[in-house]
Amino acid sequence: MGFTELYQPVHTIIGEGCINEMPRHIEAFGGTKALVVTDPGLVKIGTVKIVTDVLDKVNIPYAIYSDVKPNPTVALVYAAKEVYDREACDFIIGVGGGSPIDVAKGVSILVTNGGKVEDYNGLELSEKKGQPLIAVNTTAGTGSEVTRAFVITDEVRKSKMLCVDSNSLAYLAINDPAMMVGMPPALTAATGMDALTHSIEAYVAAHRCPFTDGIALESIRLVGQYLLRAVENGNDMEARTQMCWAQYMGGLAFSNAGLGMVHAIAHQLGGFYDTPHGVANAIMLPYVMRFNMSACADRYADIAQAFGFDIGQLTTEQAAMAAILYIEELKKRIKIPKFSETAFDPKDAVAIAENAMTDTGMPENPRQPSIQEVVEVMMTAYLDKE
Ligand SMILES: [Fe+2]
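A brief report on the enclosed structure follows. The written sequence of each chain sets the order in which its residues are numbered from 1. Only residues with pLDDT of at least 70 get local features here, since the model is predicted, and only at 80 or more are side-chain atom pairs given and counted; chain-wide, interface and lining totals rely on the full set of residues. In computing side-chain properties, one takes all heavy atoms of the structure into account and sets aside hydrogens as well as water.

1. What to know about the overall build of the protein
Then comes step 1: Scanning the protein from N- to C-terminus turns up 13 helices and nine strands.
Then comes step 2: The C-alpha radius of gyration computed for the protein amounts to 20 Å, which stays within 12% of the reference 21 Å derived for 386 residues, consistent with globular compactness.
Then comes step 3: By its C-alpha atoms, the protein is 60 × 50 × 45 Å across when sized along the principal axes.
Then comes step 4: Counting across all 386 residues of the protein, residues that qualify as buried make up 60%.
Then comes step 5: Summarising the internal contacts of the protein: among those between residues at least 6 apart in sequence, 78% fall at separations of at least 24.
Then comes step 6: Exposure was quantified through the Shrake-Rupley algorithm and a 1.4 Å probe, taking into account, for residues, occlusion by the shown protein chains and nothing else. Of the roughly 15,200 Å² that the protein leaves accessible, carbon and sulfur atoms contribute 53%.
Then comes step 7: Positive charges come from Lys and Arg, negative ones from Asp and Glu, while His and the chain ends are left out of the count. For charged residues, the charge sits on one atom: NZ in Lys, CZ in Arg, CG in Asp, CD in Glu. The distance from the centre of the 30 positive side-chain charges to the centre of the 46 negative ones in the protein is 3 Å. In this description a helix means any DSSP run of H or I spanning at least four residues, a strand means any run of E spanning at least two, and both kinds are numbered starting from the N terminus. The globule rule is 2.2 Å times the number of residues to the power 0.38, and the radius of gyration it is compared with is taken over C-alpha atoms. Under the scheme applied here, a residue whose accessible area is under 20% of the maximum for its type counts as buried, over 50% as exposed, and between as partly exposed, the area being computed with a 1.4 Å probe on protein chains only. By definition in these notes, contact holds between two residues if any of their heavy atoms fall within 4.5 Å.

Pasting the structure below:
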């Protein structure tokens, strides 16, 4: 008898102004002092102040660790944990895109389980529930606020550790589109493509189920309808709100179904070159889809329908190709850089492919590649001048 176990945050709130609902949840779990984990950019543009103003209003004390960088390293997790201990905090608020929330999850697990970050590199390796975590999402997005995964770079081995651990699930996930209006167009574009990649990979992943299929397809439809609008006008609150839903559902979908070869490669590009995660995914997505075509053209045809194509007169392969061409066109319109414009160096291709083969996402991919095939997919992307 098979069964499916689903993972999600204990509580989720989505919508304009919902950050103001945070105090009653803190009261519910009895939090007395917060460690706010974030990055310098979000302090500078005032996003962190929106969160701390809410805490100030109800006299909840907090300390701030704001040194998180993209593709966060093991050292950053320890540095944040040190502030948590020194300031005698008893819960954590991660404010950011994937990186600060990933660091916050790492701290949450270390506080209750002890040990090193490396001890949790893999599937369900901690024993105890993490310290209460509130994940305030500021991008749309990584899905990090809803997932049981956190990615930390091992700076010595230049590799990304994918820790998948239900003990790191947030107590409360917050998606307030009002906190996303300040996101510049390039970041909106990259994080939106990350959300799309989550849903597409989840829709064809080995552990998909009817629940993840449903939310993945609706998430894909929302990205198709609203991402360009959010990129072109950051103040478009309807587009921002719908992208919140898209990224939340994409996060839930991949957290429960798995990822695939796009993320397996993107994680390594982040580890090697600090390539922004969403950019790396957006670059690889259509090339991996072409590689996967023989294994899941029918599923890609569903994706074409979610994008709004009338596929009645098309063969399954033609419909699948329509989805791929649509993504390539969307990438151009939202100005995703070409692979050859990033720091990727072809001499690293084999090493990247070898690492990608060991990534947790790879076994979920509908077609298992050889190392050589991973190299070929990357080189096709690199040499594509379109
Ligand atoms: Fe991602």
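2. Focus on the environment of A323
Then comes step 1: Take A323: it is sitting in helix α11 (residues 316–333).
Then comes step 2: Between the C-alpha atoms of A323 and F254, which are 69 residues apart in sequence, the distance is 19 Å.
Then comes step 3: In this structure, A323 is in contact with Y300, I303, A304 and F307, ignoring residues within four places of it in sequence.

3. Some points on the coordination of the iron ion
Then comes step 1: Distances decide who is a donor: an N, O or S atom must be within 2.8 Å of the metal, or within 3.2 Å for Na, K and Ca. Water is not included, so sites may look incomplete. Only D194 (OD), H198 (NE2), H263 (NE2) and H277 (NE2) from the protein reach the iron ion as donors, at distances of 2.1 to 2.2 Å.
Then comes step 2: Just to be clear on the cut-offs, tetrahedral is four donors with all angles between 85 and 135 degrees, square planar is four donors and octahedral six with opposite donors over 155 degrees apart and all others between 65 and 115, and anything else goes down as irregular. For the iron ion, the four donor atoms in the first shell make angles of 83 to 168 degrees at the metal, a pattern classed as irregular.
Then comes step 3: The motif formed by the donor residues of the iron ion, counted along the single chain, is D-x3-H-x64-H-x13-H. Of the two residues, H198 is situated in helix α6 (residues 185–204) and H263 in helix α9 (residues 261–273); the sequence distance between them amounts to 65 residues.
Then comes step 4: Owing to a relative accessible area of 2%, H198 belongs among the buried residues under this scheme.
Then comes step 5: Taking the relative accessible area as the measure of exposure, H263 reaches 1% and is therefore buried.

4. Side note on the nonpolar core
Then comes step 1: We define a nonpolar core as any set of buried Ala, Val, Leu, Ile, Met, Phe, Trp, Tyr and Cys residues linked to one another through side-chain atoms lying within 4.5 Å. Of all hydrophobic cores here, the largest spans 84 residues; its most connected members are M193, L196, M284 and M378.
Then comes step 2: If one sorts the elements of this core by residue count, helix α10 (residues 277–306) sits on top with 18 residues.
Then comes step 3: Summarising the domain contributions, this core has at least three residues from each of domain 1 (11–179) and domain 2 (185–383).
Then comes step 4: What M378 contacts, discounting residues up to four positions off in sequence, is I265, M284, F339, F344, A349, I352 and A353. Each domain's extent is set by a domain assignment, obtained either automatically or from a database.

5. Here we look at α10
Then comes step 1: The span you would expect from a helix comes to 1.5 Å times its residue count less one. The first and last C-alpha atoms of α10 sit only 24 Å apart over 30 residues, clearly below the 44 Å expected at 1.5 Å per residue.
Then comes step 2: Approximately 105 degrees is the largest bend angle found in α10, and it occurs at C296.
Then comes step 3: Buried residues dominate α10, accounting for 23 of its 30 residues.
Then comes step 4: A positive backbone phi angle near 105 degrees is found at G308, which sits one or two residues after α10. The bend reported for a residue corresponds to the angle between axes fitted to the seven residues ending at that residue and the seven starting there.

6. Quick notes on unusual backbone geometry
Then comes step 1: Phi is positive for A88, which is not a glycine, with a value near 50 degrees.
Then comes step 2: Note on placement: A88 falls in the loop between α4 (74–86) and β4 (91–96).
Then comes step 3: One non-glycine residue, D274, lies in the positive phi region at around 60 degrees.
Then comes step 4: Along the chain, D274 falls in the loop between α9 and α10.

7. Concerning the pairing of strand β2 (residues 34–37)
Then comes step 1: Because side chains alternate across β2, one face comprises the buried residues A34 and V36, and the other comprises L35 and V37, equally buried.
Then comes step 2: At least two DSSP bridges between two strands are needed for those strands to be called paired. Bridge analysis of β2 against β4 gives four bridges, and the strand direction is parallel. Residue pairing for β4: V36 is matched across the bridge by I93.

8. Quick word on the sheet that holds β2
Then comes step 1: Pairing is parallel in the open sheet, where six strands are placed in the order β1-β9-β6-β4-β2-β3. This sheet does not close on itself; its edge strands, each paired only once, are β1 (11–14) and β3 (62–65). Strand-to-strand, the axes of this sheet are offset by a mean angle of 15 degrees, without reference to chain direction.
Then comes step 2: The pairing of strand β6 (residues 133–137) with strand β9 (residues 172–175) spans four bridges and is parallel. Bridging across to β9, A135 finds its partner in A173.
Then comes step 3: Angles here are taken between N-to-C directions and fall from 0 to 180 degrees, while the axes themselves are lines fitted to C-alpha atoms, restricted in helices to the stretch in contact. Packed onto the sheet, helix α8 (residues 237–257) meets β1, β6 and β9 and runs at close to 155 degrees relative to β1.

9. What to know about the packing of helix α7 (residues 210–232) against α10
Then comes step 1: The interhelical angle for the contact between α7 and α10, taken along N-to-C directions, is 45 degrees, at an axis separation of 8 Å. The angle between the axes of α7 and α10 places the two elements in the oblique class. Like other packed secondary-structure pairs, α7 and α10 cross with a definite hand, here right-handed. When α7 is examined against α10, the residues D213, L217, I220 and R221 are found in contact with a partner set consisting of R299, D302, I303 and A306. What sets the label is the angle itself: under 35 degrees gives roughly parallel, over 145 gives roughly antiparallel, 65 to 115 gives roughly perpendicular, and the rest give oblique. Crossing handedness is defined as follows: a turn of the near helix away from the far one that is anticlockwise and smaller than a right angle gives a left-handed crossing, while the clockwise case is right-handed.

10. Side note on the state of the cysteines
Then comes step 1: For the purposes of this analysis, a disulfide is any pair of cysteine sulfur atoms at a distance within 2.5 Å. Tallied over the entire structure, the rule returns zero disulfides.
Then comes step 2: Among the cysteines around C18, which has no disulfide bond, C244 carries the closest sulfur, lying 7.8 Å off.
Then comes step 3: Residue C18 is classed as buried on the basis of its relative accessible area, which comes to 9%.

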